[in-house]
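Descriptive structure summary
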Amino acid sequence: KFPHTSPLHLPLFLYFSQKTICVLFFKKKQTTAGYLRYGENPHQQAIYHGNLKDALEQLHGKELSYNNILDIDAGIALITDFTEPTFAVIKHNNACGVCSHSSPIEAWKGALAADPVSAFGGVIVTNQNISKEIASEINKLFFEVLIAPEFDEEALIILKEKKNRILLKQQNFNFPLQQYRSVLNGLLEQTRDSVVESKAQMKVVTKITPEENQYPDLVFANKIVKHSKSNAIVLAKNQQLLASGVGQTSRIDALEQAIQKARHFGFDLQNSVLASDAFFPFPDCVNIAHKAGITAIVQPGGSLKDADSIDACDSNGMAMVFIGVRHFKH
């Protein structure tokens, strides 16, 4: 019942139930399986089970790799949460650049400016049509993959100049509700984190209320931190990612990493906003943020010591909102 047999398939028979096998194959009658060049590293074998054509049409470039597919999945999941014109650059499943702007070309420039070093060799994703003008700008960067809903013919001529560059047209599809991850000799299953908070879900808990022009930034930053590996901190202003600290074992480390990175690329943190994927157990992050010039914070709340962080904000003249939802991503 499998497309072919290999050592990679053997663990499925040994460890997983028939129900699980069907889940992995996304309904066997609709499933295709193909060997990838290798897994995360060249010494690892890899196979993709599923039908990529339901989600993407490849217009140009070399075959997708295991790591390409992981970054593409992360990029599409992120961009799906945005309705305004937005560009994002993904590196190792995290966003290193994101910007929303009424002008798509400015959205691209803003996303690239967040971290032009990490953008090298990254995966670019957008919810906008790729025009000739945008293609000319993007073409200046070496990147692995570009995903968009549409490409103008003149844009494709420019972007196809690099034979290995992967160009993908995103199809209209919905992510499955359930997510699965193989662990030990079994499988973890959970529902997808599809919650997206708006201003309406933000409860002001400080004496000072965020400025009206900060609410779009708080919503924007919260979307990005949701898709960043925990512990995660995101700094933003004018709907542009200034910097993030991701995958840190300490929330303080994540914040200090973000501040240092933002300053390295010349961003002014005065009146910027901060999003945290989980609550602050102590007021230390509030105090560090204040010293950096950050004036508004969005976080889930729920710590036994929430009052300490709220008091620190009040003492420092900062605004803080709670959303009541934690967005851990491991």
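Residues numbered from 1 in each chain as written. Predicted model: local features only at pLDDT ≥ 70, side-chain atom pairs only at ≥ 80, totals over all residues. Heavy atoms only, no water.

**Considerations on the pattern of salt bridges**
Enumeration according to the criterion identifies eight salt bridges in this entry. Between Lys226 and Asp81 there is a salt bridge, with its nearest N and O atoms 2.9 Å apart. Of this pair, Lys226 sits in helix 7 (residues 215-226) while Asp81 sits in the loop between helix 3 (66-79) and strand 4 (86-91), placing them 145 residues apart in sequence. What makes Lys226 buried here is its relative accessible area of 6%. The partner of Glu212 in a salt bridge is Lys199, with the nearest N and O atoms 2.9 Å apart. Of the two residues, Glu212 is situated in the loop between strand 11 (203-204) and helix 7 and Lys199 in the loop between strand 10 (186-191) and strand 11; the sequence distance between them amounts to 13 residues. (Salt bridge = Lys/Arg side-chain N within 4 Å of Asp/Glu carboxyl O. Helix = DSSP H or I, 4+ residues; strand = E, 2+ residues; numbered from the N terminus. Buried < 20%, exposed > 50% of the residue type's maximum accessible area, 1.4 Å probe, protein only.)

**Side note on the pairing of strand 12 (residues 233-237)**
Of all five residues making up strand 12, five are buried, and the element is well covered by its neighbours. In terms of strand pairing, strand 12 meets strand 13 (residues 240-245) through five bridges, oriented antiparallel. The residue bridging Lys237 from the neighbouring strand is Gln240, located in strand 13. In textbook terms, the turn of a hairpin is the stretch between consecutive antiparallel strands, and for strand 12 and strand 13 this stretch comprises two residues, one of which, Asn238, has a positive phi near 55°. (Pairing = 2+ DSSP bridges.)

**Re the packing of aromatic side chains**
Scanning all chains against the criterion turns up four aromatic pairs. Here the aromatic rings of Phe82 and Phe220 are separated by 5.8 Å at their centres, their planes lie at 70°, and the arrangement is edge-to-face. One end of the pair, Phe82, is in the loop between helix 3 and strand 4; the other, Phe220, is in helix 7, and 138 residues separate them in sequence. With relative accessibility at 5%, the residue Phe82 sits in the buried group. The buried category is assigned to Phe220, whose relative accessible area is 2%. On the numbers, 4.9 Å between centres and 40° between planes, the contact of Phe120 with Phe142 is tilted. Residue Phe120 is found in the loop between helix 4 (104-114) and strand 6 (123-126), and its partner Phe142 is found in the loop between helix 5 (132-138) and strand 7 (145-148); the two are separated by 22 residues along the sequence. Sitting above the plane of the Tyr215 ring, Lys199 keeps its charged end 4.6 Å from the centroid. Sitting over the face of the ring of Phe82, Lys223 holds its NZ or CZ atom 4.8 Å from the ring centroid. (Phe/Tyr/Trp six-rings, centres within 6.5 Å; stacked < 30°, edge-to-face > 60°. Lys NZ or Arg CZ within 6 Å of the ring centre and 35° of its normal.)

**Some remarks on the confidence of the model for the protein chain**
Summary statistics for the protein chain give a mean pLDDT of 92 and a share of 90% for residues scoring 70 or more. Contacts for the low-pLDDT stretch residues 1-7, under 50 throughout, to residues beyond four places or in other chains number 15 contacts. Considering only residues more than four positions removed or in separate chains, one finds that residues 9-31, a stretch of pLDDT under 50, has 34 contacts. (pLDDT = per-residue confidence, 0-100. Contact = heavy atoms within 4.5 Å.)

**Considering the state of the cysteines**
Applying the stated criterion across every chain, the model contains zero disulfides. The thiol sulfur of Cys96 is not disulfide-bonded, and the nearest other cysteine sulfur, from Cys99, lies at 13 Å. According to the relative accessible area criterion, Cys99 is buried, its value standing at 5%. (Disulfide = S-S within 2.5 Å.)

**Topic: the pairing of strand 10**
Where strand 9 (residues 178-183) and strand 10 come together, six bridges link them in antiparallel fashion. Pairing of Tyr180 across the sheet is with Glu189, part of strand 10. In this structure, the hairpin formed by strand 9 and strand 10 is closed by a connection of two residues, where Leu184 is found at a positive phi of approximately 50°.

**Some details on unusual backbone geometry**
For residues other than glycine, phi is negative in most cases, and the peptide bonds are mostly trans. Going from Ser230 to Asn231, the amide bond is cis rather than trans, its omega being -5°. Here Asn231 is to be found in the loop between helix 7 and strand 12. Notably, Asn93 is not glycine yet its phi reads approximately 75°, a positive angle. Residue position: Asn93 is located in the loop between strand 4 and strand 5 (94-100). When its relative accessible area of 18% is taken as the criterion, Asn93 is described as buried. Its identity is not glycine, yet Asn238 carries a phi of approximately 55°, on the positive side. Relative to the elements of secondary structure, Asn238 occurs in the loop between strand 12 and strand 13. Taking relative accessible area as the criterion, Asn238 reaches 60% and is therefore assigned exposed.

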